[in-house]
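Letter by letter, the chains look like this.
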Amino acid sequence: MTMSADNSNKERVYIFDTTLRDGEQSPGATMTLEEKLQVAEALDEMGVDIIEAGFPIASVGDFEAVCAVAKQVKHATVAGLARAIPADIDRAGEAVRHAQRGRIHTFVSTSPIHLAHQMRKTEDEVIEIIARTVSQARNLIDDVEWSAMDATRTPIEFLMRCVETAIKAGASTINLPDTVGYAVPEEHYAMFKTIIDKVPGADKAIFSVHCHDDLGMAVANSLAGVAGGARQVECTINGLGERAGNAALEEIVMALRTRGDAMPYYTNVETTQLSRASRIVSAAANFPVQFNKAIVGKNAFAHESGIHQDGMLKNAETYEIMTPESVGIKATTLVMGKHSGRAAFKDKLKELGYELGDNAFQEAFVRFKDLADRKKHIYDADIVALVDDEVGSAGDRIRLVNMEVVSKTGGVHRCSMTLSIDGQENTVTYDGMGSVDAIFNAIKQGVGQNPHLVLYAIDGVTGGTDAQANAHVRLELNGRIASGNAAEPDTLVASARAYLNAYNRLLLERGASAQGALAG
Ligand SMILES: CC(=O)SCCNC(=O)CCNC(=O)[C@H](O)C(C)(C)COP(=O)(O)OP(=O)(O)OC[C@H]1O[C@@H](n2cnc3c(N)ncnc32)[C@H](O)[C@@H]1OP(=O)(O)O
Ligand SMILES: CC(C)C(=O)C(=O)O
Ligand SMILES: [Mg+2]
């Protein structure tokens, strides 16, 4: 079994979502009040434990957003961020007091570089600030989280002093952020383990891990923090966040769920809502999700290569470690493209309602591969057009071998064409008023007949400049009418093949020899 959702013998990990605060710090990701409320509703419904709704001192808008989220949220705790500054803490307290469960999240820098350059404080001054500001917050609310900004670049002895001070002052959650995405997993594990094992009173607090993705290790570091004893993970939907982003919520949750055998922890998140939450955040923050993003990317459950598609058709567990349904995606997609094989092509034809005999199938597959080599996206409509074309022209006695068209503005339009007529090749060249006229004239010359063109139309099978052209031709000769179609990426080739297809049908009705068959 590759997936585990059995939570017995596992420890609970609390999910602290900071999409609305750290996520919104991502350049260009600002959300309106309505958008924030929509995101908060999705997070609350999904079972997130804590929603950090904003930084109330930052602006009137942020304050109002935190108040509104606090009033709306039904289940989760709502947190507001505050610097270690009295006015920040009062403002955060004022905003989250509307919540059924409110939390003040206050932070201060602890690393030497921050102390020297950002805060311009000594270690002793920082210890005094922590004691004073955490106590202030605790006088406003029971639930106080304290964070050591830049914890991972802080000497462990000083970090332990800070943590002990914060716990003594009443913080019930201690967050040790990797603010600049500097940590590596082993080190991160060791930091949590050491602090939890050694700091007096550590058992009175829940430890929290908060990672940034500057080196692409935010999720790995978060999971290492959990292994080291953290029981709250701070993360964002789609990994939105400052610079390279925060640890992605969907990745943390699905990693714990899928690899419960290696990591005995569980979360309360309803995973089938992950995909919806991702779409809501992407739209609200106006931030597209990369196609190959784990869990929620467009390609996360899509397979194009033939070997994988063949495996998927035999048993989905050959190439999928989670089901798409488990993250709220309807189904796996087998994308038809140049890497696809016969198994997937046959399956696609079946889905589209075709059952071809062996020869027709092989020919259709060769044409499909040829089309896929030339066209980026193969849609169902392309395959329908291709198979209809293949089936419709299967018995054609006159076939296009190759053609070349020269066309010049205000000048000559000339088509040189080789036709195979009952197996015999015949090359002709003819001019026309335009490219299509030259092509049709060349065919008439080649077959020695002059049917009347009743209809000629072109439409695109799909959108895009690389879309196949569907050409339709209707011919009339001696009172008989026949229609032909052809689909090709090249409009002129499609036109020639549609004309020949119609001519072949006139021949078929007549049952005569191909060249000059319709005379008299
Ligand atoms: C790692 C993180 O994600 S931290 C959160 C980052 N998020 C944000 O900054 C978004 C919201 N921020 C804002 O709107 C503004 O920066 C405000 C309102 C908070 C402050 O604005 P301003 O008063 O104009 O200060 P400014 O942003 O220029 O500088 C930050 C000040 O806060 C101080 N500061 C930074 N962190 C802390 C802290 N945790 N505790 C106390 N002071 C702090 C800095 O030292 C600096 O103080 P100084 O002006 O005395 O040198
Ligand atoms: C404010 C803190 C928690 C933060 O976002 C960080 O250090 O990355
Ligand atoms: Mg952060």
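Predicted model only: the values in this text are computed from it and were never measured.

(A) Examining the site of ligand 2 more closely. Lining the immediate surroundings of ligand 2 are Arg21, Asp22, His105, Phe107, Ser147, Asn175, Pro177, Thr179, His210 and His212. A distance of 2.8 Å separates an oxygen atom of ligand 2 from a polar side-chain atom of Arg21. A distance of 3.0 Å is found between an oxygen atom of ligand 2 and a side-chain nitrogen or oxygen belonging to His212. Notes on ligand 2: free accessible area 260 Å², of which the protein chains cover 95%. Where the shell around ligand 2 is concerned, the elements lending two or more residues are β5 (102-109) and β7 (173-178).

(B) How the structure looks around the pattern of salt bridges. Counting across every chain of the model gives 33 salt bridges. The partner of Glu45 in a salt bridge is Arg276, and the shortest N-O contact between them spans 3.7 Å. Note that Glu45 is positioned in helix α1 (residues 33-46) and Arg276 in helix α10 (residues 274-285), a separation of 231 residues in sequence. The residue Glu390 makes a salt bridge to Arg367 at a minimum N-O spacing of 3.4 Å. With Glu390 in helix α14 (residues 380-392) and Arg367 in helix α13 (residues 358-374), this residue pair connects regions lying 23 residues apart in the sequence. Note on accessibility: Glu390 and Arg367 belong to one class, buried. Connected through salt bridges with shared partners, the residues Arg367, Asp370, Arg374, Asp389, Glu390, Glu488 and Arg497 form a single ionic network.

(C) The packing of α1 against α10, seen in detail. In the contact formed by α1 and α10, the axes pass within 10 Å of each other and the chain directions differ by 165°. Overall, the two elements α1 and α10 adopt an arrangement that is roughly antiparallel. You can see that α1 and α10 cross each other, and the crossing is left-handed. Counting all contacts with α1, which are made through Glu35, Gln38, Val39, Ala42, Glu45 and Met46, the residues of α10 involved are Leu274, Arg276, Ala277, Ile280, Val281 and Ala284. Split into classes, the residues belonging to the contact of α1 with α10 amount to eight nonpolar, one polar and three charged.

(D) How the structure looks around the pairing of strand β3 (residues 50-54). Most of β3 sits inside the fold, with five of its five residues counted as buried. One ladder, built from two bridges, connects strand β2 (residues 14-17) with β3; its direction is parallel. When the bridges of β3 are listed, Phe16 appears paired with Ile50. Crossover connection from β2 via α1 to parallel β3: handedness right-handed. Relative to strand β4 (residues 77-83), β3 runs parallel, the two sharing four bridges. Bridge pairing links Gly54 to Gly80 in β4.

(E) Inspection of the site of ligand 1 at higher detail. Taken together, 13 residues lie near ligand 1, and Gln25, Arg83, Ala84, Phe107 and Gln118 sit nearest. Take Ala84: an N or O atom from its main chain is 3.0 Å from a nitrogen atom of ligand 1. In this structure, an oxygen atom belonging to ligand 1 sits 3.0 Å away from a main-chain N or O atom of Gln118. For ligand 1, whose accessible area on its own is 1,000 Å², the fraction buried by protein is 55%. Looking at the shell around ligand 1, the elements with two or more residues in it are β5 and α4 (112-119). Here the residues of the shell around ligand 1 sort into eight nonpolar, three polar and two charged.

(F) Structural context of helix α5 (residues 123-140). For α5, which comprises 18 residues, the first-to-last C-alpha distance of 26 Å matches the rise-based estimate of 26 Å (1.5 Å per residue) to within 8%. The set of residues buried in α5 consists of Val126, Ile127, Ile129, Ile130, Thr133, Val134, Gln136 and Ala137. Those residues of α5 that are buried are in contact with α3 (86-96), β5, α4, β6 (144-149) and α6 (156-168).

(G) Here's a closer look at unusual backbone geometry. You will see that Asn238, though not glycine, has its phi angle at about 65°, which is positive. Note on placement: Asn238 falls in the loop between β9 (232-235) and α9 (249-258). On the basis of relative accessibility, which here comes to 15%, the residue Asn238 falls in the buried class. For Asn478, which is not glycine, the phi dihedral falls at a positive 50°. Position of Asn478 relative to the elements: it lies in the loop between β17 (469-477) and β18 (480-488).

(H) Spatial organisation of the sheet that holds strand β13 (residues 398-407). Pairing in this open sheet of three strands is antiparallel, and the strands run β13-β14-β15 from one edge to the other. If you trace the sheet from one side to the other, it starts and ends with β13 and β15 (424-431), each paired once. Taking each pair of neighbouring strands and ignoring which way they run, the sheet shows an average axis angle of 15°. Inspection of the sheet shows β13 paired to strand β14 (residues 413-421) by nine bridges, in the antiparallel sense. When the bridges of β14 are listed, Val406 appears paired with Arg414. Taken strand by strand, helix α15 (residues 435-447) contacts β13, β14 and β15, and its axis lies near 35° from that of β14.

(I) Looking closely at the packing of α6 against helix α7 (residues 185-198). It is at 10 Å that the axes of α6 and α7 come closest, and there the two elements cross at 50°. Judged by the angle between their axes, α6 and α7 are oblique. Between α6 and α7 the crossing geometry is right-handed. Residue-level inspection shows Ile156, Leu159, Met160 and Val163 of α6 in contact with α7, the latter providing Met191, Thr194, Ile195 and Lys198. Looking at the contact of α6 with α7, its residues break down into six nonpolar, one polar and one charged.

(J) Broad picture of the coordination of the magnesium ion (ligand 3). At this site the magnesium ion (ligand 3) is bound by Asp22 (OD), His210 (NE2) and His212 (NE2), with donor distances of 1.9 to 2.2 Å. Spacing between the donor residues of the magnesium ion (ligand 3) along the chain follows D-x187-H-x1-H. In this pair, Asp22 is assigned in the loop between β2 and α1 and His210 in strand β8 (residues 206-211), connecting sequence segments 188 residues apart. With relative accessibility at 5%, the residue His210 sits in the buried group.

What counts, and where the lines are drawn
Residues numbered from 1 in each chain as written. Chains lettered and ligands numbered in written order. Predicted model: local features only at pLDDT ≥ 70, side-chain atom pairs only at ≥ 80, totals over all residues. Heavy atoms only, no water. Near = heavy atom within 4 Å. Polar contact = N/O pair within 3.5 Å; in protein donor to acceptor, adjacent residues only side chain to side chain. Areas by Shrake-Rupley, 256 points an atom, 1.4 Å probe, with all protein chains shown as cover. Helix = DSSP H or I, 4+ residues; strand = E, 2+ residues; numbered from the N terminus. Salt bridge = Lys/Arg side-chain N within 4 Å of Asp/Glu carboxyl O. Buried < 20%, exposed > 50% of the residue type's maximum accessible area, 1.4 Å probe, protein only. Axes fitted to C-alpha atoms, helices over the stretch in contact; angles between N-to-C directions. Parallel < 35°, antiparallel > 145°, perpendicular 65-115°, else oblique. Left-handed = near helix turned anticlockwise from the far one by under 90°. Contact = heavy atoms within 4.5 Å. Nonpolar A, V, L, I, M, F, W, Y, C, P; charged D, E, K, R; others polar. Pairing = 2+ DSSP bridges. Right-handed = clockwise from strand over helix to strand, strands pointing away. Expected span 1.5 Å × (residues − 1). Donors = N, O, S within 2.8 Å, 3.2 Å for Na, K, Ca; no water.

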